[in-house]
Amino acid sequence: MTRFGAGRRQMTVGEFEELARSSPETVTLELISGKLEVKPVPDGSHGAIRMWLLTRFLHRRPDLRLYPGQGLRTGSRRQDRARPDGALAPEDHFAGQGEWAEPEGVLMAVEITSRDSDTDRRDRREKRDGYAAAGIPVYLLVDREDCSVSVYSEPRDGAYRRLESSAYGKPVHLPEPVGVTLETEKLKG
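So, here is what we can say about the structure in this document. (Residues numbered from 1 in each chain as written. Predicted model: local features only at pLDDT ≥ 70, side-chain atom pairs only at ≥ 80, totals over all residues. Heavy atoms only, no water.)

Moving on: the sheet that holds strand S9 (residues 138-143). One open sheet accounts for six strands, arranged S3-S6-S8-S9-S10-S11; its pairing is mixed. In this open sheet, the two strands that pair with only one neighbour each are strand S3 (64-67) and strand S11 (159-167). Averaged over all neighbouring strand pairs, the angle between strand axes comes to 20°, with direction disregarded. When S3 meets strand S6 (residues 86-90), the two strands line up antiparallel, connected through four bridges. For leucine 64, the partnering residue across the bridge sits in S6 and is proline 90. (Pairing = 2+ DSSP bridges. Helix = DSSP H or I, 4+ residues; strand = E, 2+ residues; numbered from the N terminus. Axes fitted to C-alpha atoms, helices over the stretch in contact; angles between N-to-C directions.)

Have a look at this one:
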């Protein structure tokens with residue numbers, strides 16, 4: 001492994017993928033901005049929000065699927081390895097792509113914040129920036145800490161150019177290519 005320092009990767013992508021393959025199922029590993037990240041095991045509320053989103057998309061966009069935990073190659077040079085809480089893509093999109101898929105064809109990445117100290121850096125900044133750099137058109141962040149839903153869109157030059165945030169209970173419009181409005185009243189309870 002390479003030494004960790006300012007601007008240096010903790011490990012190569014190959015080293016990370018080998019480690020991730022051999023890690024126990026109780027741990028989710030990601031390589032974000034060159035750093036090894038251990039994603040906490042989701043709690044029941046986290047799972048309930050993901051299931052709520054999954055069913056909304058099945059009803060409103062039956063041509064798409066929200067794939068939980070699908071590994072994606074992200075970042076501008078596809079050197080990061082992220083497992084979003086959901087990757088919205090056409091049915092069977094990931095068939096044959098392996099554990100770490102290319103982001104082309106993914107319409108939206110979804111993250112639901114966890115109750116841990118890394119969520120600000122990881123979900124609100126680094127993963128968002130990695131999805132934008134990979135050209136994923138929409139990033140949906142369900143922020144359980146401040147009870148809001150944020151929609152990032154229009155990725156260009158490694159950043160999302162548009163942000164719309166709403167408190168739980170307000171309708172949230174997901175722009176094209178998703179084209180769905182979510183009624184978020186259920187998130188308040």
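Now that the structure has been shown, the text picks up again.
Here we take up the side chain of aspartate 143. Along the polypeptide, aspartate 143 turns up in strand S9. Of the residues examined, aspartate 143 reaches a relative accessible area of 4% and is grouped as buried. A polar side-chain atom of aspartate 143 sits 2.7 Å from a polar atom in the side chain of arginine 124. Leave out the neighbours within four places in its chain, and aspartate 143 touches Thr113, Arg124, Ser148 and Tyr168. (Buried < 20%, exposed > 50% of the residue type's maximum accessible area, 1.4 Å probe, protein only. Polar contact = N/O pair within 3.5 Å; in protein donor to acceptor, adjacent residues only side chain to side chain. Contact = heavy atoms within 4.5 Å.)

Judged by which residues are buried, strand S12 (residues 171-174) turns out to be one-sided: Val172 and Leu174 face inward and are buried, whereas Pro171 and His173, on the alternate face, are not. For S12 and strand S13 (residues 180-183), the ladder comprises four bridges, and the chain directions are antiparallel. The residue of S13 that forms the bridge with proline 171 is glutamate 183. Joining the antiparallel neighbours S12 and S13 is a turn of five residues, in which glycine 179 adopts a positive phi near 65°.

Moving on, we get to the environment of aspartate 63. Within the secondary structure, aspartate 63 sits in the loop between helix H2 (44-60) and S3. The exposure class assigned to aspartate 63 is partly exposed, which follows from its relative accessible area of 40%. Sequence separation between aspartate 63 and glutamate 91 is 28 residues; the distance between their C-alpha atoms is 6.3 Å. Here aspartate 63 is in contact with Pro90 and Glu91, once residues within four sequence places are set aside.

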